[in-house]
Structure formats: structure tokens, C-alpha cells
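One-letter residues, chain by chain:
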Amino acid sequence: MASTEGFLTEEQRETLKIATQNAEVLSSSPKSPTSLLSEHYLKVPAGGKAPNVGIAVRHVRRSHSGKLVRVKKDGAGGKGTWGKLLDTDVESHIDRNDPNYDSGEEPYQLVGATISDPLDDYKKAVASIIEEYFSTGDVEVAASDLRELGSSEYHPYFIKRLVSMAMDRHDKEKEMASVLLSALYADVISPDQIRDGFVILLESADDLAVDILDAVDILALFVARAVVDDILPPAFLTRAKKTLPASSKGFQVIQTAEKSYLSAPHHAELVERRWGGSTHITVEEVKKKIADLLREYVESGDAFEACRCIRELGVSFFHHEVVKRALVLAMEIRTAEPLILKLLKEAAEEGLISSSQMAKGFARLEESLDDLALDIPSARNLFQSIVPVAISEGWLDASFMKSLGEDGRVQQEDEKVKRYKEEVVTIIHEYFLSDDIPELIRSLEDLGAPEFNPIFLKKVITLAMDRKNREKEMASVLLSALHIEIFSTEDIVNGFVMLLESAEDTALDILDASNELALFLARAVIDDVLAPLNLEEISSKLPPNCSGSETVRVARSLIAARHAGERLLRCWGGGTGWAVEDAKDKIMKLLEEYESGGVVSEACQCIRDLGMPFFNHEVVKKALVMAMEKKNDRMLDLLQECFSEGLITTNQMTKGFTRIKDGLDDLALDIPNAKEKFTFYVEYARKKGWLLPAFGSCVADASPLPAVAT
């Protein structure tokens, strides 16, 4: 053993070599595990013998963070060194009172600096504003604090925080939250931010449900209340449902809001009073009080008393409703206009109604002028006469007229268009009372304005949507009658485009407008008023990301559903609309009877007994299809007799042939020679005078018309 004193064994030399190599790897690769170094370092006591067995673990100084700390190069160590003579296995401690104390020997630590997140700061600030509002109930202070806070880009998170805090409290706070949202709408928080805030709430519904047992029902009620208070459009529900997973709580919230709250009879009143016992007046009650005080003012003429009543309402954030209702009343009661203008002027001069609330009231009325014109035909003219007066007297900001000019909302309409709108409203009302389609067609022809046919379509469907199922069915039947008789496919397409472009405005007055428009669209396809490809054309003419595009998508899904034809023909339930389905069945039966050996005169009488001359194009279509299928041209004799008697007009013949032409590709799947047979029938019809020569040249093209092809 003496020979080995002061020397390393072969095993120890090999271990030292490995440790040195690992140390070099560690120095070149900072991310390498430090454990490699500690496992293979060898420490030999000075002047002593090398241990016979085992290897001591290197004493490594480390910070609390676990990082390797470099020590001084004074012989006390370093990579691959033996350590200094006084090193022991006992861990050393640094004494700051030691005269030889060196701060460089202190282990360093990384100190993290707090970085301020603007969103976190905003959330903390609004939480304080909300807590204060729940304590004081002061809407104006809350609105002022939020406005002074700035960071308007974060307002959607205010919506989330306000509603989520109220959800976990009593009904009083829930009602206060809804009232505050109505107060902030448009003045402090934009409509888009209100929408985005509710989207965030719906997306976080799963998390809210963990802490709040009935979160789905409460949040559904908040959504329904926002719709009733006119701060969310009903179309929001359809759009939101499309973006949410069907299994999410947010999707359940939308379903609950639609089915449990917004579809119930008198839903507005029920939703407004759901959080009963609140110390705050509801929006519906405010509207009623405003209407009552304006009526009393018109009767008494006491502007001072009216201003006092407006002030006592204590809803300065809702004064735009006073402006709107006052202007509508001035239009309804023409003799009251001077009194109304006097009241608004005095309220503005006293500072009772702010300039922003005044402008907002005028803007809301301007947006609803088209609908208002259905009840007050001269509404737009009256509005255009009031605006300059208000600006000249100084109680309406002059920028309002400029903004209207930029938006193109208040433009001088052509006198002929205005007269047309007024007259067709009367014609439509008469039709809903009499159900006399031929009389309506004659009235439209007497107007002599076919270029306005799309406007008529928009009016008739808009009026029908605000009535019962009977009128909706009558409107659908009327479209079938008007098509080709006096309306072209282009007229129908453009009319639906106009309807869909204004769908969001319509939804403010008609809760289920989007779904009903989808039904009208789908019904038009089933009734062959539109071809399925026309839906693509309509969609392409709509602005991107508008609610009308969603309505077209819903219409497509309705058409693609199983038994869609039968369901859509009966979608309005009862009414006169069953006549179309019954007529189709009767036409098929009379043609089958005639084909099996019936008499021409009897078949003509059956067609006459249907009493639907506007639907005779169905006779032409089915007769031609049956002639192709049966390979029997006997049907041509029936059509000749009908034409000779004047039972089927050239227009109806043209429409019937056009419908066959549009569906030739599909028809050829069942009847391979359908195109050849159709070409023969067209030539025959031209020779007999059923069709105009121009129709034959149109058929000569190999491809169908792009606008109506299927």
C-alpha cells in the first residue's frame, strides 16, 4: 500500500479524466445538466493519501434558484480544480461582518421586476367602479368614471365583469347591471363593444357555471334583457349560436334565451319584470312614463311641467327616447308639431337634454323612417322638414345634417318612388282584406312602374311579417302569382336582396325576422318562384358578414331538409297557402286522368275550376314532363286547347317552358333524351303561337340562363 501513497489509482485516474471531459462539455453548453459535473469531481486532501475507495462529491456553491455560482479564481476552485487546502466537507457560510468579506462571493439571485399589464389594470379599475355603483346606484357617476378611465378598447371586458359580478348577487344588482348597460349604450360603450362583451360572456359560460349553479339561466336572462332593451339585435342570437360549440354552456344560454324568454307571449314585459323588487325603474316603465308625459303635454301645453316630469324621471342617459317619441308624436298629430318643437327647444336650452342625447334621438328616428312610413306615409318628408328647423334654432348640432348626407340616409327621393310606396301600401292592405290576386295585379299594372317591382316585394313581405300566418301565406301565394305574370326573376331576386340588406333593422321591430325571411326565401324556391342557384346570386349581392347572409344559409338548410317541400308549403299553417299544394295535387290528378283516356273539354274545365290562373304554368310544366316520361304527345293537344280557349296565356306558357328549361340537367338524369324532346316541344309551341319567337332563339343556346339554372 506504501507504493500508492500520494498517487492516484488507475480507477481514480480514469474517473478524473471523465470528470474533466464533462466539465469541458458543461462550459461549452450552458444548458447541459450540472449533475454530470458534481457526480465525477474528485477531491484529494492536501498532503494526504488518496482515498482507496469511493469518490467524494464536489462541493458546489449554488444560489437558492439552483444556478451554479462561479467562485473567485484564487485557488479556491474552478472548473476541474482540486480545491484549496482548507476545503472541508462542511458547507461554509459567508459572514458579512468578516473584515475579509467580499460581496463578490455572495450567491446572486435573479430578481423579477413586475411588468404592468394595461388590461389587468383596467379590470381592477372597473371592478372598483362596479362595486361603487352597486353601493350607490348612481348611473351618471358610473358612466362618468368609466369615461374618465379611458381605454375604450377594453370596454367589452367591462361588460363581462359587470354581468359576471351581478350574476353572483341578488336580483337588485342584476337589475342595476341591466339598467347601467342601457345607460352606457352608444354614449360610452359602442354597440359593437356591447356585442363583443356578450360574446366574451358566452365563451366563458362554462367557467361561470363552475362557481354559479344556475349560470346558464341567469346569463340567458341577461341576453334576453339586452334584446328587449334594444342594446342587442335579435340577430345576435343566430350569429352567436353559429360560433359556439353545440356542447358548450354558451350554446345552452342562447337556446334558453330564445325558447324560454324571447318566444313566450308578452315576453318583453316578463323579461323586464323578472328581477322584481328592484329599486330601479325598468326601461319599459320609463318608455311608458315618457309616452304618458308627452301626451299630457300635448293636451295641456305646459312646457315647464313637462320639463319637470322629464327631470324627475332621473334617466338623463335615456333622454334620446324622449326626443324620438316626441318627434313621432309630432308626425302622428300634425297640430302638435309646434308644441313638440317648443318643448325640445326649451329642454335643450335648459341643459335638460344634452346635445348628444338630442342627436341620438334624431338618429334613432331616422333609422326607423322606412318602417314608420308604413303607418305615416309622409314620415320622411316631415322628418326632413324638422331637421333644418332644429339646426337653425340651435338645439340640434349642425353636424347631424352633415353625417346624414355622408351616410346617404336622408336624400331627396324621386317623387315617383315616394308616390309608388304610398300607393302600394294601400294596395297590399286591400289585398290582405280581400284576397283578390287578379285585382291586385290590375292595380299594379295601372301604376305602370315595373322598375319598382323589387320595392313592392319588400313592402308586401315586410307587412306580412308583422301580421299573422294568414297574411304570410297570402304573401307567398302572391309571389307565385306575380312571377312571370308581371314580375321577372330579377325583380324577385332584387326584392329579396333589399329585404336582407335591411334585415338587422327589421329585426329591431320583428323579433323573429331572420327566421321568417329564411322561410319566405325557402318557400319561394319550393314554389319555383326562385331557382336554388338564385340563392347564391342573392348571397353574392349582400355585404360581407351581414345577417342577411346567415338568413340565406338557413334558407338553404330548410330546402335541403327531409320532406322540405311538404313542410315549407305548410310552414304558415292553414290559411290560403294550402291552395298551392292542393293545386299541384289536383293538376297531377287531372293530367293523369286525361292521359289515361280523358276528354279534353273535361280537363280544361277542371283547370278552370282550380281558379288559379296565375298558377297555370304548373299545368304546362307537368304536362310537358308527363309527355316526355310517357312518350305520348297527347298532352300537346290539351295545351293547344287551353291556349285556344285563352285558359293558359302566353305568359303562363312561357313560364312553364322556362321552368322546364331551367331544370333540364336534372330532368335528363331520369329522361336521357329530355333535351331533344324539349327542343322539339319548343319548336312546336312556336309554330302554334304559344311562345314568342325570342324564346326559341334563347333555347338555341346550349347552356341555360346563369341566373336561374339549377
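Residues numbered from 1 in each chain as written. Predicted model: local features only at pLDDT ≥ 70, side-chain atom pairs only at ≥ 80, totals over all residues. Heavy atoms only, no water.

A.B. asks: Could you clarify how one ought to interpret the overall build of the protein chain in this entry?
C.D. replies: Of regular secondary structure, the protein chain possesses 38 helices and zero strands. Split into buried and exposed, the 710 residues of the protein chain put 45% on the buried side. Long-range pairs, those at least 24 residues apart, make up 73% of the contacts in the protein chain with a sequence separation of at least 6. Accessible area of the protein chain: about 35700 Å², with a carbon and sulfur share of 51%. (Helix = DSSP H or I, 4+ residues; strand = E, 2+ residues; numbered from the N terminus. Buried < 20%, exposed > 50% of the residue type's maximum accessible area, 1.4 Å probe, protein only. Contact = heavy atoms within 4.5 Å. Areas by Shrake-Rupley, 256 points an atom, 1.4 Å probe, with all protein chains shown as cover.)

A.B. asks: Honestly, the pattern of salt bridges in this entry has me stumped. Any pointers?
C.D. replies: Opposite charge on two side chains allows them to pair when their charged atoms are near. Using the criterion set out here, one finds 30 salt bridges in the structure. Note that D171 and K174 form a salt bridge whose closest N and O atoms lie 3.9 Å from each other. A residue pair is termed a helical-turn pair when its members lie 3 or 4 positions apart in one helix, as D171 and K174 do in helix α6 (residues 171-184) at three residues. On the accessibility criterion, D171 (34% relative accessible area) is partly exposed. A salt bridge links E175 to R225; the shortest N-O distance between them is 2.7 Å. Of the two residues, E175 is situated in helix α6 and R225 in helix α9 (residues 215-228); the sequence distance between them amounts to 50 residues. (Salt bridge = Lys/Arg side-chain N within 4 Å of Asp/Glu carboxyl O.)

A.B. asks: Please clarify how unusual backbone geometry should be interpreted in this entry.
C.D. replies: Trans peptide bonds make up most of the peptide bonds, and negative phi angles are found at most residues other than glycine. For S151, which is not a glycine, the phi torsion comes out positive at approximately 50°. Topologically, S151 is positioned in the loop between α4 (139-149) and α5 (155-167). We classify S151 as partly exposed; its relative accessible area is 31%. Positioned with a positive phi, D528 is a non-glycine residue whose angle comes to about 65°. Following the sequence through the fold, D528 ends up in the loop between α27 (513-526) and α28 (532-540).

A.B. asks: What am I meant to see in the packing of helix α17 (residues 355-367) against helix α19 (residues 379-392) here?
C.D. replies: Axes are the key here: two packed helices are described by the angle between their axes and the distance separating the axes. Contact geometry of α17 with α19 gives a least axis separation of 12 Å together with a crossing angle of 165°. Viewed along their axes, α17 and α19 adopt a mutual orientation that is roughly antiparallel. Crossing hand, α17 versus α19: left-handed. In this structure, α17 contributes F362, L365 and E366 to the contact, and α19 contributes F383, I386, V387 and A390. Looking at the contact of α17 with α19, its residues break down into six nonpolar, no polar and one charged. (Axes fitted to C-alpha atoms, helices over the stretch in contact; angles between N-to-C directions. Parallel < 35°, antiparallel > 145°, perpendicular 65-115°, else oblique. Left-handed = near helix turned anticlockwise from the far one by under 90°. Nonpolar A, V, L, I, M, F, W, Y, C, P; charged D, E, K, R; others polar.)

A.B. asks: Quick question: what am I supposed to make of the packing of aromatic side chains here?
C.D. replies: Two measures describe an aromatic ring pair: the distance that separates the ring centres and the angle between the ring planes. One pass over the full model with this rule turns up twelve aromatic pairs. When the centroid spacing of 5.9 Å and the interplanar angle of 40° are considered together, the rings of Y133 and F134 count as tilted. On the basis of relative accessible area, F134 is assigned to the buried category, the value being 5%. Between F456 and F487 the ring centres are 6.0 Å apart and the planes differ by 90°, which places this aromatic pair in the edge-to-face class. One end of the pair, F456, is in helix α23 (residues 453-465); the other, F487, is in the loop between α24 (469-482) and α25 (489-501), and 31 residues separate them in sequence. For F456, a relative accessible area of 0% corresponds to the buried category. Chaining the aromatic ring pairs together yields one cluster made of F680, Y681, Y684 and W690. Seen from the ring of Y594, R634 lies directly overhead, with NZ or CZ sitting 4.2 Å from the centre. (Phe/Tyr/Trp six-rings, centres within 6.5 Å; stacked < 30°, edge-to-face > 60°. Lys NZ or Arg CZ within 6 Å of the ring centre and 35° of its normal.)

A.B. asks: Sorry if this is basic, but what is going on with the environment of Y157 here?
C.D. replies: Tracing the sequence through the fold places Y157 in helix α5. A sequence separation of 36 residues divides Y157 from Q193, and the C-alpha atoms of the two residues are 9.0 Å apart. Excluding residues that lie within four positions of it along the chain, Y157 makes contacts with L119, Y122, K123 and I200.

A.B. asks: Whenever I open this one, helix α35 (residues 650-662) confuses me. Can you help?
C.D. replies: Every α-helix winds through 3.6 residues per turn, so residues three or four apart in the chain are directed the same way. Taking 1.5 Å per residue, 13 residues should reach 18 Å; α35 reaches 18 Å between its end C-alpha atoms and fits that length. Residues Q652, M653, K655, G656, F657, R659, I660, K661 and D662 constitute the buried set of α35. (Expected span 1.5 Å × (residues − 1).)

A.B. asks: Would you mind showing me how to read the confidence of the model for the protein chain here?
C.D. replies: In low-pLDDT regions, the fine details of the predicted coordinates are not to be read closely. This prediction gives the protein chain a mean pLDDT of 77; 78% of its residues lie at or above 70. In this model residues 28-60 is a low-confidence stretch, pLDDT under 50, and it forms 49 contacts with partners more than four residues away in sequence or in other chains. (pLDDT = per-residue confidence, 0-100.)

A.B. asks: How should I be thinking about the packing of α23 against α27 in this particular structure?
C.D. replies: One way to put it is that α23 packs onto α27 with a least axis distance of 11 Å and a crossing angle of 125°. Here α23 lies oblique to α27, going by the angle between them. The interaxial crossing formed by α23 with α27 has right-handed handedness. Two secondary-structure elements touch here, α23 through I461, A464 and M465 and α27 through A513, E516, L517 and F520.

A.B. asks: Where do I start with helix α37 (residues 674-688) in this structure?
C.D. replies: Taking 1.5 Å per residue, 15 residues should reach 21 Å; α37 reaches 21 Å between its end C-alpha atoms and fits that length. Buried residues of α37: A674, K677, F678, Y681, V682 and A685, and no others. Down the axis of α37, the sector holding all buried residues measures 140°, keeping them to one side. Exposed residues pointing more than 90 degrees away from the buried face of α37 are listed as E676 and K687. Positioned one or two residues after α37, G689 has a phi angle of 85°, which is positive. (Arc of directions from axis to C-beta.)

A.B. asks: Looking at this model, I keep getting lost on the side chain of S178. Mind explaining?
C.D. replies: With respect to the helices, strands and loops of the structure, S178 is situated in helix α6. Not counting the four nearest positions on each side in its chain, S178 is found in contact with F222, R225, D229 and W275.

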